[in-house]
Protein chains: 2
Amino acid sequence: MDRQYTSTLLGRAVDEFAKLPGIGRKTAMRLVLHTLRLDEGAVDGFCQALQTLRHEVRYCSVCHNISDTEVCALCANKQRDASTICVVENVQDVMALEATMQYHGLYHVLGGVISPMDGVGPADLQIQSLVERVGRGGVNEVILALSSTMEGDTTNFFISRKLSPFPNVKLSVLARGLSINDELQYTDEVTLGRSLINRVPFTGN
Amino acid sequence: MDRQYTSTLLGRAVDEFAKLPGIGRKTAMRLVLHTLRLDEGAVDGFCQALQTLRHEVRYCSVCHNISDTEVCALCANKQRDASTICVVENVQDVMALEATMQYHGLYHVLGGVISPMDGVGPADLQIQSLVERVGRGGVNEVILALSSTMEGDTTNFFISRKLSPFPNVKLSVLARGLSINDELQYTDEVTLGRSLINRVPFTGN
């Protein structure tokens, strides 16, 4: 139902919010009316943070992660193990892996996965720069941490072919298996089968 | 889980989005990454619409609806029946009633309902201005279209007392009854009881 706004300013603000993904017109209206209850300074602060990010956003020249500087804080950190590169799809994946506190190497953000359906080919991703990065030497292992989907598997395969000139660089993928707290009977058969094949010695942990 | 942002600009934009009602940190992150994929002009347009609204927002001096002008388009419309005033809580209610296309009178936006729990008293609402508006004459009916809650009922009662010096002004409330498509067996007993007491002649519509 298309509703009439008694104010064109209100209508325009609702239109803008409704353009955001996952936000319908009702939610947009609620958000706009919320901003009307805020201080003018709070609204300006919101807009400034968004515009500053958009105008000044930079991507790390090494790993392509979002960064404030030419080289991001992770790549610049000498404490981290520069001989291991973990290849991920996007910025959220870097944050998810960092949150595990189990990884101390560097990253390489592809910017997506190969997906002909969505018109994403290898040239749209940061694959060539990964090959060049490995080619500069000093890398012992590349961990392919892409989604467990057909697109992810295709991308893994493509990258493994591109890295075949470097036989000394170990290629690995994340383990597939039961999630913590998963119940066996509700686990899909492919995952269950893989977790059986890739079973590991019991250590009591 | 508190995640580290590799960019402080990114972190700040996510913080700002996460302040909005109903938007958590994950959604905020998704919205921020979406804005990074937009043109710079699109982000500026979004912010401009929001800031213009916040800085230039006005409320109609007659009905207190959001308006671009001193008197809103509804109040200024000579085609509408100025002898009927529909009292509503907020701007969304005006839009909901306008969408029915069944109402051709004017509105009065209270800005909420009396709710001691939330610290909202009669003086926080546009009740005095309603009394003055009715006092200027020319009003035949005031429709109390507030929510069917204890707070709404309390506010209805308070307004009816305030309007008691004008015995010629008819006071009415919206009909309570079954919603269209409601099944009898699932309707609560109070609504069902009211719909029985207030039954209307069958006309075939």
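Relevant structure appears above.
Keep in mind that what you see is a predicted model, and the values were worked out from it rather than measured. (Residues numbered from 1 in each chain as written. Chains lettered and ligands numbered in written order. Predicted model: local features only at pLDDT ≥ 70, side-chain atom pairs only at ≥ 80, totals over all residues.)

(A) Seen up close, the overall build of chain A. For chain A, the count of helices and strands is 8 helices and 6 strands. Reading chain A from its N end, one meets helices and strands in the order α-α-α-β-β-α-β-α-β-α-β-α-β-α. A principal-axis box enclosing the C-alpha atoms of chain A has dimensions of 65 × 50 × 40 Å. Buried positions account for 26% of the 205 residues belonging to chain A. Counted over contacts in chain A with a minimum sequence separation of 6, partners at least 24 positions apart contribute 44%. (Helix = DSSP H or I, 4+ residues; strand = E, 2+ residues; numbered from the N terminus. Buried ≥ 20, exposed ≤ 12 C-beta atoms within 10 Å, placed from the backbone. Contact = placed C-beta atoms within 7 Å.)

(B) A look at the interface of chain A and chain B. Each side of the interface is counted separately: chain A has 48 residues, and chain B has 49 residues. At the level of elements, α1 (8-18), α2 (25-37), α3 (40-56), β2 (66-67), α4 (73-76) and α5 (91-100) of chain A are the ones that each hand at least two residues to the side of chain A that touches chain B. Ranked by residues supplied to the side of chain A that touches chain B, first place goes to α3(A) with 14 residues. Considered class by class, the residues forming the side of chain A that touches chain B number 25 nonpolar, 13 polar and 10 charged. (Nonpolar A, V, L, I, M, F, W, Y, C, P; charged D, E, K, R; others polar.)

(C) How the structure looks around the relation of the copies chain A and chain B. Its rotation angle being 180°, the transformation that places chain A on chain B also includes 0.0 Å of axial translation and leaves an RMSD of 0.1 Å. In the structure described here, the two chain copies are related by an operation that fits a two-fold rotation axis. Ranked by how close their C-alpha atoms come to the rotation axis, the residues of chain A are headed by A:Cys47, at 2.7 Å. The residues that chain A uses at the interface reappear at the interface of chain B in 100% of cases, marking a shared surface. (Least-squares fit on C-alpha atoms with pLDDT ≥ 70 in both.)

(D) Representation of helix α1 (residues 8-18) of chain B within the structure. Burial in α1(B) covers these residues: B:Leu9, B:Leu10, B:Ala13, B:Val14 and B:Phe17. All buried residues of α1(B) fall inside an arc of 130° around its axis, so they share one side. Elements that come into contact with the buried residues of α1(B) comprise α3 and β2 of chain A together with α2 (25-37) of chain B. (Arc of directions from axis to C-beta.)

(E) Expanded view of the environment of A:Thr203. All names here are of chain A. Inspection of the secondary structure assignment puts Thr203 in the segment after α8 (189-197). For Thr203, a count of 5 C-beta atoms within 10 Å gives the class exposed. Sequence spacing of Thr203 and Ala18 is 185 residues, and the spatial spacing of their C-alpha atoms is 52 Å.

Interpretation note: all reported values are geometric properties and have no functional meaning in isolation.
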